[in-house]
Structures are given as structure tokens and as C-alpha cells.
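The chain contents come next:
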Amino acid sequence: MNKYMWLLGMGLQKALTYRVNYLVTILAAVFPIILQWMLWQSIYTYTQADKLYGLSYSDMLSYVVLAALMAQALRTGFEYEMAEDIKSGGLNRFIVQPLSYFGYRLSVFVGTNLGYFVTTLIVMGVALWVATTYWALSIEVTHVVLFLLSAVGAFFLQFMLFYLLSLTAFWLHEVWALFESVRVISLVLSGGVVPLSVFGASLEYYLSFLPFQYLIYFPIQTLMGVLSIEQVLSGLVLQLFWIIALLLLSITVWRRGSRSYLALGG
Amino acid sequence: MNVIEVEGLSKTFKFYRKPQGLSASFKNLWQRQVEFKEAVKNVSFNIERGQVVAFLGTNGAGKTTTMKMLSGILHPTTGKVRVLGHTPSDREDQFKKRFSILMGQKHQLWPDLPAIDSFALCQRIYEIPTPLFRQRLTRLSEVLGVSHLLDIQVRRLSLGERMKMELIAALLHGPELLFLDEPTIGLDFLSQRAVMRFLQQLVKEDNLTILLTSHNMADISALCERVLVIQNGQLIFDDCIANLQDSLGGLRRIHIESESALRSELLSRYGKVISNDIHRAELEVNDGVANEVLQQLLKDIMVKDVRITAPPLEDSLERLYQRQGQVA
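Owing to the predicted nature of the structure, the values given are computational and were not obtained by experimental measurement.

Cut-offs used in this document
- Residues numbered from 1 in each chain as written.
- Chains lettered and ligands numbered in written order.
- Predicted model: local features only at pLDDT ≥ 70, side-chain atom pairs only at ≥ 80, totals over all residues.
- Helix = DSSP H or I, 4+ residues; strand = E, 2+ residues; numbered from the N terminus.
- Contact = placed C-beta atoms within 7 Å.
- Rg over C-alpha atoms; globule rule 2.2 N^0.38 Å.
- Domains from an automatic or database assignment.
- pLDDT = per-residue confidence, 0-100.
- Axes fitted to C-alpha atoms, helices over the stretch in contact; angles between N-to-C directions.
- Parallel < 35°, antiparallel > 145°, perpendicular 65-115°, else oblique.
- Left-handed = near helix turned anticlockwise from the far one by under 90°.
- Nonpolar A, V, L, I, M, F, W, Y, C, P; charged D, E, K, R; others polar.
- Expected span 1.5 Å × (residues − 1).
- Buried ≥ 20, exposed ≤ 12 C-beta atoms within 10 Å, placed from the backbone.
- Arc of directions from axis to C-beta.
- Pairing = 2+ DSSP bridges.
- Core = buried A, V, L, I, M, F, W, Y, C linked by C-beta atoms within 7 Å.

1. Examining the overall build of chain B
Link 1 in the chain: Tallying secondary structure elements over chain B gives 12 helices and 13 strands in all.
Link 2 in the chain: A separation of at least 24 residues holds for 71% of the contacts in chain B among residues at least 6 apart in sequence.

Structure (C-alpha cells):
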């Protein structure tokens, strides 16, 4: 078996060792969802509007629930490990062993998050069933298939974004504030809190030039059948474009960073 | 054949200084004092296959920096390095498969999984054929006495057991050269001895070359035939241990035991009194006059027991550092 496939398996094993952790984080996702539910309920009741930002009450609720779950499915956590590796010399191991750091991180990310990702998608399936039954949301099988495709793309895009972000540890000694800010900003800009249409047409237009919306907004729109097939396909291409663009960028940044990399100690 | 060839090796680091106080912190926001430190200065040496060499020096002397340049982790600022015929900073996979580096505080085993899983990862990384892998794993874990611990989560092992596991991980691919940075740090003395005995056996059986840093003199006297001493980035000594003591103008220690009280004023006539607790004393004299002094002592004092020894390695090193300090 290839060394990277083996690492993927080890990541999965490690994640399985801490399965209770999984359960707790999924349960924790329930609270913001309840909060949003109450918020939108009062907004729609107060304004007496049929549609807000182009979405009916049931669409809005379906969106925020699905988006919150999607945000959970894309959870990362390796950025602190990476910062630690860079700051305290953990990278040394990858310099002296025939093992690529990027390959290592990617395999372990896929391995540790695979179970989590799939579990969350199943929870989304349950939410979807609720939405179609009680909120009159109609879902087509094609949309589900296209969504799964875009969700896989979002998974790798999220990895690339946070991998690139973690590389800043080559230059910054304290990364916590940056990581947390980016996490929150990325969550908002990717449509993980509210649909991007809430920000107005012009901002939504500018946001379409950034990679963030391909993490949550685009997949959920695909799932809810808001987009035409052509729009979905071009969206998938753009998602792939961003994954490759960030990959190329991170290769350059890695080269720069590892050149100035100083392993601690003397 | 030389496994390591180093010529005129130097490494300069850039760093920042911040004087005490808040105002200095603000000033540092836009204007930082840049300073340079020459961690390694013009170091040259060769190491032959099968040699075990100790790398000694105070904290921050440049040992680890040199080791990092030898393993390719750091690029040298100037100078030439050839290790196993490769230039380490090229970081070729073919080179990486032929050596191993073990740093006392850095680990490659996954703490959440049993060691056997990490070993299996090593097998994939180094592409070790399965029969060879099994054979080596059995041998290494038996010699180190950890066969029964292979399937226990690494974080549940004791420090000594974990260190032995790290050693196994470093040796599974059959390296020809082993860099050890503080291998026995934090180990109890039984584990230290077990590790050292094991390394000795490896050197004998596999013709392994080892370069090791340690602050533990017992490790060094047990294992190494040659020492490199580095201070302030400069190589100040490169020879076998016995010569380290002789090169400093050989000194001898005379240990005396007596039934009657020994008085320091009296003893200081014969040599430098290192210690004296009335019935037992230790004198330091020059090598050349040791016999003479001893005879004189036997004549003058009622001696019950007497021994002559070389001063401990620590003392020789301290004197070497002091002498070098005066020169610099």
C-alpha cells in the first residue's frame, strides 16, 4: 500500500479513537441552528413578508440549517498542528524522511475528517428529509448528486485554504488571532451563517470573485435547486479552478517559507 | 572510507534584540535591532565508517546546528558538507533512506496509536520489504525488551519505553549513519544503560556510524572512542578521549584513606586538595610527579589505602572550556 494511503488509514484510526469527540461537536452544532431558527422566525413574522432576499421562510430555514451543518462538515483543526510543526521544529522530520509534508497533511486530513464528513452528510440527509416533509422543500436526485460532487470539492478547497493559512506560521510567531479571524470571516463570506444574497446584490457579485462561496453557499444552492444545471457545472469548474490556484500558491509560499525556516535550537 | 566530510563549515543566524521595557516593545514595532550570530564557525572534520563519535559542547555551542546541517535540515552559510557521498542540503530521497536522526525531544511516533502502527508507516515511507521489516522489528524489539508493548497506545508507555520505540522507528530502515541528539535525556539509568549497550551492539554487528551529542558523560565514555568538542561555534578538540585528558597537561588524582586525621594545610604541600573529609582526601597532581608524590605521602602519612585515577571527563572538559575562554 502507498505511504499516503496508509497515512489516511492512520488518520481514520486516530479519529475513531476519539469518536465521542465527534458526537459532541455534532451536538454542539445544534445550538446555533436553534438560534437562527428563532431569529428568522421573528424576522419573517415581524416583517410579514412572503419572501426576504428572494427566499421564503421555509427556504431560509432550510438554507440556514443545511449551511450550518455543511460548515460543521468542513471543520478543520490541523492548522494549529501545522503552526506547531513550523514553530517548534516538527517539520525537521519531513526534511530528513522521504515523505512530503503536503502529502502527509492531506492524507491525515482526509483520514481524520472522512468519518466526520460522511456522518455530517448523513445528518444533513435527515435534515433534508425533515425539510422536504415539513417545509415543502422539493429536492431532485440530480441536485443531490451534483451537491455531493460540490461537497467533495468544498472539502478539498477548505483543506487548501487552511493549509495556505497555516503556512503564515513561517513568518508569524503568534497565529491564534489570525486563524480565528479567518475562520469567522471565512464562515460568513462562504455563506455559512446567512445566504450571501442577504449582503445585497453588489456585495454578492464581488464575493463571487473569491473562493469562499464555493465552500458552503454554492453547494447548498446546488442542493436546493436554486441554480440551473449550467450554473452548477460552471460553478464546479470554478471550484476546481480555486483548488488548483490555491495549490499552486501554497507551493510557492511553501518554497519561500521553508527557505527561511529555522529549526529551533543550537 | 569517510562517511562524513566537513570542510570550513559555517552558519550565521539573524535574530532580533528587544531591550527591557514597554517603550522598547513599541519601538520594536517598526524598528528592530537586527543582529547576527555565528552559530558555527569554520568547522572541519571527517568521520570514518564504523566510528562512534561524541559531539560535546555547552548549551548553544553549535552542536545541534552542525548536526542539522549534516542531516540537511539547515543550509550551511558557507563551507562544504558531504555525507555518505551526498550533499545533505539537496535532500535527495536516496540520501534520506541511508541515515536516521533522533532528537531527544522530537518524536515521530503517533501518540494516539500503538507503536506498531507507526512502524508500519515507516515501512511504507522507506519502502522496506515485508520479510526484512518483520525480521528487523523482531530483532530490535527483542534486544530492547519491548516486544510485549508494540500494540499499546504510545501515550500510555513510560518515557523510557517510548524512547526505545523511537529508536526502533529510527533503525527499521537499516540506516548506515545515525545522528543522535541527546538520546538518553530524561531516562533513568537502567534505561540509559540498556540503550547504550544496544547501540554498542549495533555498531559491532552492523558497522553503523554514530555521531551523538549528550550531556551525559557516562554515555560518552561507554560508547565513544573519539570526541569532537565545540565551543562558541568553533571546533576546539578532535581526538580520542584519553588524549583529551593528556592534551591538557595530564593530571592525576590521588585518593588517600587514613586512620588518622588528614589536614588540608599539610596535604596542600603535595598537590592541590580537591576534597578532604578528615579520613579521606583527594589530591590533584601533575602526571609526571604523581609517583614521586605518592612515595613521599606513603613515607609521611599513615596511609590505609591509596588509588591513582584520571580526573573525571567533566573536569577535563571544564578545563578545556576555561583554557579556550582565556584564549578568546
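What follows picks up the thread again.
2. Description of the overall build of chain A
Link 1 in the chain: Tallying secondary structure elements over chain A gives 12 helices and 2 strands in all.
Link 2 in the chain: When the elements of chain A are put in sequence order from the N terminus, they spell out α-α-α-β-β-α-α-α-α-α-α-α-α-α.
Link 3 in the chain: Taken against the 2.2 N^0.38 rule, which gives 18 Å for 266 residues, the C-alpha radius of gyration of chain A at 20 Å falls within 12% of a compact globule.
Link 4 in the chain: Projected onto its principal axes, the C-alpha coordinates of chain A cover approximately 70 × 40 × 35 Å.

3. Focus on the domain arrangement of chain B
Residues and elements named next belong to chain B.
Link 1 in the chain: Once the domains are mapped, chain B shows domain 1 (2-15 + 37-245) and domain 2 (249-323).
Link 2 in the chain: At the interface, 12 residues of domain 1 touch 9 residues of domain 2.
Link 3 in the chain: For the side of domain 1 that touches domain 2, the secondary-structure elements that each account for two or more residues are helix 8 (217-223), strand 8 (226-231), strand 9 (234-240) and helix 9 (241-247).

4. Quick word on the interface of chain B and chain A
Link 1 in the chain: Listed by partner, the interface residues are 27 residues for chain B and 21 residues for chain A.
Link 2 in the chain: When residues of the side of chain B that touches chain A are traced back to their parent elements, those giving at least two are helix 2 (63-71), helix 3 (93-96) and helix 4 (115-125) of chain B.
Link 3 in the chain: A per-element tally of the side of chain B that touches chain A places helix 4 of chain B first, with 5 residues.

5. A short note on the confidence of the model for chain A
Link 1 in the chain: Per-residue confidence for chain A gives a mean pLDDT of 88, with 97% of residues at or over 70.
Link 2 in the chain: The secondary-structure element of chain A with the lowest mean pLDDT is helix 2 (residues 19-28) of chain A, recorded at 79, while helix 8 (residues 141-166) of chain A shows the highest, at 94.

6. A few points about the packing of helix 7 (residues 101-134) of chain A against helix 8 of chain A
Residue and element names in this part refer to chain A.
Link 1 in the chain: Closest axis-to-axis distance for the helix 7/helix 8 pair is 11 Å, and the angle between their directions is 135°. With respect to helix 8, the axis of helix 7 lies oblique. The interaxial crossing formed by helix 7 with helix 8 has right-handed handedness. Packed against helix 7, whose contacting residues are Arg105, Leu106, Phe109, Phe117 and Leu121, the element helix 8 presents Ala151, Phe155, Phe159 and Tyr163 at the interface.
Link 2 in the chain: Considered class by class, the residues forming the contact of helix 7 with helix 8 number 8 nonpolar, no polar and 1 charged.

7. A few points about helix 9 (residues 176-189) of chain A
Residue and element names in this part refer to chain A.
Link 1 in the chain: Spanning 14 residues, helix 9 covers 20 Å between terminal C-alpha atoms, matching the ideal 20 Å at 1.5 Å per step.
Link 2 in the chain: Among the residues making up helix 9, those that are buried are Phe179, Ser186 and Leu189. Viewed along the axis of helix 9, the buried residues span an arc of 105°, placing them on a single side of the element. Across helix 9 from its buried face, at more than 90 degrees, point the exposed residues Trp176, Ala177, Glu180, Ser181, Val184 and Ile185.
Link 3 in the chain: Of the surrounding secondary structure, the elements contacted by the buried residues of helix 9 are helix 5 (78-87), helix 8 and helix 10 (201-207).
Link 4 in the chain: A positive phi of about 80° marks Gly191, the residue just after helix 9.

8. Description of the sheet that holds strand 2 (residues 33-48) of chain B
Residues and elements named next belong to chain B.
Link 1 in the chain: Read from one edge of the open sheet, 3 strands run 2-1-4, paired in antiparallel fashion. In the strand order of this sheet, the two ends are held by strand 2 and strand 4 (78-83), each with one partner. The sheet shows a mean angle of 25° between the axes of neighbouring strands, taken without regard to direction.

9. Topic: the nonpolar core
Link 1 in the chain: Counting 134 residues, the largest nonpolar core has Leu66(A), Ala67(A), Met70(A), Ile220(A), Ile168(B) and Leu172(B) as its most contacted members.
Link 2 in the chain: Of the residues forming this core, the biggest block, 12 residues, is contributed by helix 4 (residues 57-73) of chain A.
Link 3 in the chain: Contact partners of Ala67(A), with chain neighbours within four places excluded, come to Gly191(A), Gly192(A), Ile216(A) and Ile220(A).

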